[in-house]
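# Coordinate analysis (summary)
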Amino acid sequence: MNADPAELQKFSEIAHRWWDPESEFRPLHEINPLRLDWIDGIVSLEGKRVIDVGCGGGILAEGMAFRGANVTGIDLGEKALSVARLHLHESGLDIDYQHISAEDMADTNPDAFDVVTCLEMLEHVPDPASIVAACARMVKPGGHVFFSTINRNAKAYLLAVIGAEYVLNLLPRGTHDYAKFIKPSELSRMARVNGLATRTMCGLTYNPITKVYALGNDTGVNYLMHTQREL
């Protein structure tokens, strides 16, 4: 199983707070509109068959479903999925949540989705290349795959680990392991060897003074990558 038991346990312990915008998941709630607008602006989610890999409690999955996508969400965290399913009673949305790995889903559903999203997940698994390969197999020829993760450099260590976890307390300490961060060139190479062409990239930044997140050209720390499967 391409999952770190310690990572699964860590998120399971706080899963019940997934939909609390003032909890440890506050950053996800605040960046979600930015991520949605960026993805929707590229592919137009309305009517698309979408799978969210590593969906957690369903913040992104619900956002995409609200914009008219037919969404499947997969995760290996059972407690997070339970929270995601429970929240559907409040949102009234229809999302197919499944407890299955990306690799197994790709085996049973090749070429099945118009759009694949895998955001804030690659830096938490032992073998990110295997996840990228699975995403490439799940998407239809010509379909779109979106990734987001954290760059690996001194700036990212200072801001994403020391700054976010120990100074600003935006995230619980121990959320990220610097050794698992991925350079854009490395992610682009993982995508390319699996038939995914990198189309565009943007950075996600946080201003600690205004406490505002924004998308822009600075990919030095957090970044999002749009790839497309070759026909």
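The structure we're discussing is the one just above.
In this report, we go over the structure that sits alongside the text. (Residues numbered from 1 in each chain as written. Predicted model: local features only at pLDDT ≥ 70, side-chain atom pairs only at ≥ 80, totals over all residues. Heavy atoms only, no water.)

### Side note on unusual backbone geometry
- Its identity as a non-glycine residue notwithstanding, Glu-120 has a phi of 55°, on the positive side.
- Locating Glu-120 in the fold gives a position in the loop between strand 4 (113-119) and helix 6 (128-138).
- Phi at Lys-211 takes a positive value of approximately 60°, unusual for a residue other than glycine.
- Here Lys-211 lies in the loop between strand 6 (196-207) and strand 7 (212-216).
- Of the residues examined, Lys-211 reaches a relative accessible area of 57% and is grouped as exposed. (Helix = DSSP H or I, 4+ residues; strand = E, 2+ residues; numbered from the N terminus. Buried < 20%, exposed > 50% of the residue type's maximum accessible area, 1.4 Å probe, protein only.)

### Digging into the packing of aromatic side chains
- For the structure on display, the rule yields six aromatic pairs.
- Note on Trp-18 and Phe-25: the rings are 4.2 Å apart at their centroids and 20° apart in plane angle, and the pair reads as stacked. Neither Trp-18 nor Phe-25 differs from the other in exposure class; each is buried.
- Taking the centre distance of 4.6 Å and the plane angle of 45° together, the rings of Tyr-206 and Tyr-213 count as tilted.
- Using a relative accessible area of 25% as the deciding quantity, one classes Tyr-206 as partly exposed.
- Given the relative accessible area of 14%, Tyr-213 is considered buried.
- Over the aromatic face of Phe-113 sits the side chain of Arg-49, whose NZ or CZ is 4.5 Å from the ring centroid. (Phe/Tyr/Trp six-rings, centres within 6.5 Å; stacked < 30°, edge-to-face > 60°. Lys NZ or Arg CZ within 6 Å of the ring centre and 35° of its normal.)

### Focus: a nonpolar patch on the surface
- A cluster of nonpolar side chains, namely Tyr-157, Leu-158 and Leu-159, defines an oily patch on the protein surface of about 300 Å² accessible area.
- Along the chain, the position of Tyr-157 falls in helix 7 (residues 154-167).
- For Tyr-157, a relative accessible area of 36% gives the class partly exposed. (Patch = residues over 30% accessible without salt bridge, like charges linked within 9 Å, V, L, I, M, F, W, Y side chains within 5 Å. Areas by Shrake-Rupley, 256 points an atom, 1.4 Å probe, with all protein chains shown as cover. Salt bridge = Lys/Arg side-chain N within 4 Å of Asp/Glu carboxyl O.)

### Things to note about the side chain of Ser-188
- Summarising the element assignment, Ser-188 is placed in helix 8 (residues 184-192).
- Taking the relative accessible area as the measure of exposure, Ser-188 reaches 17% and is therefore buried.
- Of note is the side chain of Ser-188, whose polar atom sits 2.9 Å from the side chain of Thr-198.
- Among all residues touching Ser-188, those that are not within four sequence positions of it are Thr-198 and Met-225. (Polar contact = N/O pair within 3.5 Å; in protein donor to acceptor, adjacent residues only side chain to side chain. Contact = heavy atoms within 4.5 Å.)

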